[in-house]
Amino acid sequence: QTAVIPVMIAGQDVIGQAQTGTGKTAAFALPILQNLDEAHRHVQGLVLAPTRELALQVAQAITDFGRGRSVRVLAVYGGAPYRPQISALNRGVDIVVGTPGRLIDLMNKDILDISQVRTVVLDEADEMLSMGFIEDIEAILSQTPEQRQTALFSATMPAEIRRLAEQYLHEPQTITIRSEKVTLETIEQRLYL
């Protein structure tokens, strides 16, 4: 957060290499909220996540961080009815957090307009790559403005993710957070001989 927040508030593109549990969500959510223009009535922030669970978790975190401001955050993901997501988009949303497949569906139905998005975040980009979402990600990015801010977060940097970064990010700042501990405190380990 210390490394990423100032860079994102300044509007620069970011490549963040960090493991899960290093506070990435606040690192990108707080700058998006800080730079939100409440006078605009279109989607300003777009976060792509590999799974429904992560999309819900990130949307909830952004909602919590934005408490006290009238920020409208919506999670969109497959396996859920379209109607509630569509009606929320029709009412107006500031930040959309979604899985690539459902985002593409809503864009193809002309329900989700991302042509005026100011910040795009690719969260857990390597996971999205391994799930086969790379073409969807490129299709989504192609519908966003040239002058957007883009942040890409990934635990690993396979060649395909580096290629994506080179193609879609503009002079990004690369921030690598080395994990202090590999073991999470919530995991109990035992060894039986």
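Residues numbered from 1 in each chain as written. Predicted model: local features only at pLDDT ≥ 70, side-chain atom pairs only at ≥ 80, totals over all residues. Heavy atoms only, no water.

A. Region of the structure containing the pairing of strand β2 (residues 45-48). Of the two faces of β2, both are covered, the one formed by Gly45 and Val47 as well as the one formed by Leu46 and Leu48. Where β2 meets strand β4 (residues 95-98), four bridges bridge the pair, whose relative direction is parallel. The partner of Gly45 across the bridge, within β4, is Ile95. Across four bridges, the pairing between β2 and strand β5 (residues 119-122) is parallel. Its bridge partner lying in β5, Gly45 is registered against Thr119. (Buried < 20%, exposed > 50% of the residue type's maximum accessible area, 1.4 Å probe, protein only. Helix = DSSP H or I, 4+ residues; strand = E, 2+ residues; numbered from the N terminus. Pairing = 2+ DSSP bridges.)

B. Layout of the pairing of β5. Burial of the side chains of β5 extends over both faces: Thr119 and Val121 are buried on one face and Val120 and Leu122 on the other. The pairing of β5 with strand β6 (residues 149-154) spans four bridges and is classified as parallel. Among the inter-strand pairings, Thr119 is bridged to a residue of β6, identified as Gln149.

C. Just the side chain of Arg148, in detail. With respect to the element layout, Arg148 can be found in the loop between α7 (134-141) and β6. Separated by 2.9 Å, the side chain of Arg148 and the backbone oxygen of Tyr168 make a polar contact. Arg148 has contacts with Asp13, Val117, Arg118, Val120, Leu141 and Tyr168, leaving out every residue within four places of it along the chain. (Polar contact = N/O pair within 3.5 Å; in protein donor to acceptor, adjacent residues only side chain to side chain. Contact = heavy atoms within 4.5 Å.)

D. Fine view of the packing of helix α4 (residues 82-91) against helix α5 (residues 100-108). One way to put it is that α4 packs onto α5 with a least axis distance of 12 Å and a crossing angle of 60 degrees. Crossing geometry of α4 relative to α5 is assigned as right-handed. Contacts between α4 and α5 pair Tyr82, Gln85, Ile86 and Leu89 from the former with Arg102, Asp105 and Leu106 from the latter. Split by residue class, the contact of α4 with α5 holds four nonpolar, one polar and two charged. (Axes fitted to C-alpha atoms, helices over the stretch in contact; angles between N-to-C directions. Left-handed = near helix turned anticlockwise from the far one by under 90°. Nonpolar A, V, L, I, M, F, W, Y, C, P; charged D, E, K, R; others polar.)

E. Summary view of the layout of surface pockets. By volume, the largest pocket amounts to about 320 Å³. Elements that contribute at least two residues to the lining of the largest pocket include exactly β6 and α8 (159-168). Grouping the constituent residues of the lining of the largest pocket by class yields three nonpolar, nine polar and five charged. (1 Å grid on protein atoms, 1.4 Å probe; cavity = no way out; pocket = protein on both sides within 12 Å on 5 of 7 lines; lining within 4 Å. Points joined across faces, edges and corners; volume = space filled by probe spheres on them.)

Honestly, it's all geometry; don't read function into it.
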